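# Observations on chain architecture
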Amino acid sequence: ESKLDWALFAADPLTGLIVASALMHPDKSLKSLDTDFVLRRFKEKRFAAGANRDQIETCQKLGLELSEFVEICLQGMQKISDELGL
């Protein structure tokens, strides 16, 4: 149960939520997403219902607020958006 373990545990469902957010965006691109957009989708329990919100919130065990964790994950995914096809 290292910090890396917790980071991977929390990031796994978050990446799914971010991809779903990108696919519902008009241009279907990660580059056009921002943290606020993803956080609004996070609050919609029916949106990407398979993304376990409780699991994502374990990012607090890393000393990160949800918004910080979403920002870090989103930026990381945006850097490799071409490889992800988004």
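All residue numbers refer to position in the chain's written sequence, counted from 1. Owing to the predicted nature of the model, reporting of local features is limited to residues with pLDDT of at least 70; listing and counting of side-chain atom pairs is limited to 80 or more, with chain, interface and lining totals taken over all residues. As a rule here, side-chain values come from all non-hydrogen atoms in the structure, and water together with hydrogens is ignored.

## Structural notes on the environment of Leu-33
Stated formally: Secondary structure elements follow DSSP: runs of H or I of four or more residues count as helices, runs of E of two or more count as strands, with numbering from the N terminus. For this analysis, residues touch if any pair of their heavy atoms sits within 4.5 Å.
With respect to the secondary-structure elements, Leu-33 resides in the loop between α1 (3-24) and α2 (35-43). Along the chain, Leu-33 and Lys-61 lie 28 residues apart, while their C-alpha atoms are 26 Å from each other. Excluding its chain neighbours within four sequence positions, the residues that come into contact with Leu-33 are Ile-18, Ser-21, Ala-22, His-25, Val-38, Leu-74 and Gln-78.

## Concerning the packing of aromatic side chains
Defined as follows: Only centres within 6.5 Å qualify two rings of Phe, Tyr or Trp (six-membered ring in Trp) as a pair; their planes then separate them into stacked at under 30 degrees, edge-to-face at over 60, and tilted for everything else. Distance and angle both matter: a charge sits over a ring if NZ of Lys or CZ of Arg is within 6 Å of the ring centre and within 35 degrees of the ring normal.
All chains considered together, the criterion is met by 1 aromatic pair. Look at Trp-6 and Phe-9: their rings are 5.8 Å apart centre to centre, the planes differ by 85 degrees, and that puts the pair in the edge-to-face class. Of this pair, Trp-6 and Phe-9 are both found in helix α1, 3 residues apart, which corresponds to roughly one turn of the helix. Cation over ring: Arg-41 sits above Phe-37, and NZ or CZ is 4.5 Å from the ring centre. A cation over an aromatic ring shows up here: Arg-53 above the ring of Phe-42, its NZ or CZ 5.7 Å from the ring centre.

## Some details on the nonpolar core
Applied cut-off: Definition used in this section: a nonpolar core is a set of buried Ala, Val, Leu, Ile, Met, Phe, Trp, Tyr and Cys residues joined via side-chain atoms within 4.5 Å. With a 1.4 Å probe rolled over the protein chains alone, any residue whose accessible area is under 20% of its type maximum counts as buried; one over 50% counts as exposed, and the rest are partly exposed.
Core analysis: the biggest nonpolar cluster contains 24 residues, and Leu-14, Leu-17, Ile-18 and Leu-33 have the highest contact counts within it. At the level of elements, α1, α2 and α4 (66-79) are the ones that each hand at least two residues to this core. Excluding anything up to four places from it in sequence, Ile-18 contacts Leu-30, Leu-33, Val-38, Cys-73, Leu-74 and Met-77.

## Side note on the environment of Ser-67
As for its placement among the helices and strands, Ser-67 is situated in helix α4. In this structure Ser-67 comes out as partly exposed when scored by relative accessible area, which is 37%. Once the C-alpha coordinates of Ser-67 and Phe-47 are considered, the two residues, 20 residues apart in sequence, prove to be 18 Å apart. Beyond its immediate stretch of four places on either side in the chain, Ser-67 contacts Thr-35 and Leu-39.

Shape is all these values report; function is a separate question.
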